[in-house]
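# Coordinate inspection notes
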Amino acid sequence: MTDRYAVIGNPISHSKSPLIHTQFAYQTGQDLSYEAILAPLNGFRDTVLTLRDEGCRGVNITVPFKFEAFQLATRLTARAQAAQAVNTLKFDGTEIIGDNTDGAGLVADIERNLDFTLQGKRVLLMGAGGAAYGVALPLLNAGASITVANRTEDKAHQLAALFAVHGSIQASSYTALAGSQFDCVINATSSSLADALPPLPRGENAKRGEIFAPDALAYDMMYGKQSPFLLFAKEQGAARLADGLGMLVEQAAESFFLWRNVRPDTAPVIAKLRLI
Ligand code: ATR
């Protein structure tokens, strides 16, 4: 019998998850279906429980339901607990297991696909909202030393305080970053959605690379449209630029593994999505 999976969000029509998981299933010979489901803003819980009662095996969760999914889970993985958000649910008897594969997806994309080792690297994490919480622990576990900067500085301090037990992490304002250099700068703000740029100090001479160390990687977790941050990073001399498409496919692969215990090959799927 075909096993059923889905992604739940609002809005959801833009989601690439059905395409990705369908390709994973085809590639690995797994007998499953995967659909996109629009949940009413006040109807997330009912939507999930109905799907479960219908025999669905697991779901991905996207905006704006990741915190509700965190609350709904009866058991949480350590990384979901740390992120305080859940993007993957697995139905296991009466248990609803909540996981968060976003950070693992980011780390896999940076380390495996972009061949950039995070161990011992200075990472600037911009943003202190849901996206930043989702990736902080996996970045620390990969050995990165994180500076988190946020427009509302208090939130950067809160994030750093929460994760300090897991590794090297400190908070900063954007202005206090002047004069510092980073090996990897990650945009986990929602600024790119509004065609805006986080207020990074601007080097006067691009070659000076005020924020971006030589060989620095600039990574925008957003994908699909031109990122003001990546344009800025290029102008400021960042050696390498990456958008979040690889992370999207890698977090999906991590969910697929949780559900099916099989690791799909992500490279052909990323390549295919680049062409769409
Ligand atoms: P998400 O789940 O995408 O992280 P969120 O929890 O609403 O969404 O958080 C959005 C993040 O983007 C916040 O860190 C926000 O900064 P504030 O806490 O100061 O609001 C950040 N952000 C949004 N627009 C920004 C901009 N133009 N410049 C800098 N940071 C921005």
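Note that the structure is predicted; figures quoted are calculated from it, not measured. (Residues numbered from 1 in each chain as written. Predicted model: local features only at pLDDT ≥ 70, side-chain atom pairs only at ≥ 80, totals over all residues. Heavy atoms only, no water.)

Right, let's talk about the packing of helix H1 (residues 17-28) against helix H9 (residues 245-260) for a bit. Their axes nearest at 10 Å, the elements H1 and H9 cross at an angle of 55°. Accordingly, the angle class assigned to the pair H1 and H9 is oblique. Crossing of H1 against H9: the hand is right-handed. Note on element contacts: H9 touches H1 through Leu248, Val249, Ala252, Ala253, Ser255, Phe256 and Trp259, opposite Ile20, His21, Phe24, Ala25 and Thr28. (Axes fitted to C-alpha atoms, helices over the stretch in contact; angles between N-to-C directions. Helix = DSSP H or I, 4+ residues; strand = E, 2+ residues; numbered from the N terminus. Parallel < 35°, antiparallel > 145°, perpendicular 65-115°, else oblique. Left-handed = near helix turned anticlockwise from the far one by under 90°. Contact = heavy atoms within 4.5 Å.)

Residues Pro228, Phe229, Leu230, Phe232 and Ala233 constitute the buried set of helix H8 (residues 228-235). Positive backbone phi, approximately 95°, marks glycine 237, located one or two places after H8. (Buried < 20%, exposed > 50% of the residue type's maximum accessible area, 1.4 Å probe, protein only.)

Under the criterion given, the structure shown has 8 aromatic pairs. Judged by centre distance (4.9 Å) and plane angle (20°), the ring pair of phenylalanine 44 and phenylalanine 65 falls under stacked. In this pair, phenylalanine 44 sits in helix H2 (residues 44-53) while phenylalanine 65 sits in the loop between strand E3 (58-61) and helix H3 (66-72), placing the two residues 21 residues apart along the sequence. Looking at phenylalanine 65, the relative accessible area reads 1%, which means it is buried. Within the aromatic cluster, the residues linked to one another by ring pairs are Tyr5, Tyr34 and Trp259. Taking the ring centre of phenylalanine 116 as reference, the NZ or CZ of lysine 121 above it sits at 4.7 Å. Above the plane of the ring of phenylalanine 257 lies arginine 263, whose end atom (NZ or CZ) is 4.0 Å from the centre. (Phe/Tyr/Trp six-rings, centres within 6.5 Å; stacked < 30°, edge-to-face > 60°. Lys NZ or Arg CZ within 6 Å of the ring centre and 35° of its normal.)

Attention shifts here to H1. Taking 1.5 Å as the rise per residue, H1 with 12 residues should run 16 Å; its terminal C-alpha atoms sit 16 Å apart, in good agreement. For H1, the full list of buried residues reads Ser17, Pro18, Ile20, His21, Gln23, Phe24 and Ala25. Lining the buried residues of H1 we find strand E1 (3-9), strand E2 (32-38), E3, H9 and helix H10 (267-275). Just beyond H1, the residue with positive phi is glycine 29, at close to 70°. (Expected span 1.5 Å × (residues − 1).)

This part takes up the domain arrangement of the chain. Its domain assignment divides the chain into domain 1 (3-100 + 249-275) and domain 2 (103-243). Put simply, the middle of domain 1 and the middle of domain 2, counted by C-alpha atoms, are 26 Å apart. Each partner contributes residues to the interface: domain 1 has 13 residues there, and domain 2 has 14 residues. When domain 1 packs against domain 2, the two sides together hide about 970 Å² of surface, and 54% of this comes from carbon and sulfur. Taken together, the links from domain 1 to domain 2 amount to 2 salt bridges. In this structure, glutamate 250 and arginine 112 form a salt bridge, with 3.3 Å as the shortest nitrogen-oxygen distance. The interface formed by domain 1 and domain 2 holds 3 residue pairs in polar contact (both at pLDDT 80 or more) in total. Secondary structure elements with two or more residues in the side of domain 1 that touches domain 2: helix H4 (78-83), H9 and H10. Broken down by element, the side of domain 1 that touches domain 2 gets its largest block of residues, 4 residues, from H4. (Domains from an automatic or database assignment. Buried area = accessible area lost by both parts, 1.4 Å probe. Salt bridge = Lys/Arg side-chain N within 4 Å of Asp/Glu carboxyl O. Polar contact = N/O pair within 3.5 Å; in protein donor to acceptor, adjacent residues only side chain to side chain.)

Moving on, we get to the site of the ligand. Neighbouring residues of the ligand: 15 residues in total, closest Ala131, Asn150, Arg151, Thr152 and Lys155. The separation between an oxygen atom of the ligand and a polar main-chain atom of alanine 128 is 3.0 Å. In the environment of the ligand, an oxygen atom lies 2.6 Å from a nitrogen or oxygen atom belonging to the side chain of threonine 152. Calculation on the ligand without its partners gives an accessible area of 640 Å², and the protein chains cover 70% of this total. Here the shell around the ligand is composed, by residue class, of 5 nonpolar, 8 polar and 2 charged. (Near = heavy atom within 4 Å. Areas by Shrake-Rupley, 256 points an atom, 1.4 Å probe, with all protein chains shown as cover. Nonpolar A, V, L, I, M, F, W, Y, C, P; charged D, E, K, R; others polar.)

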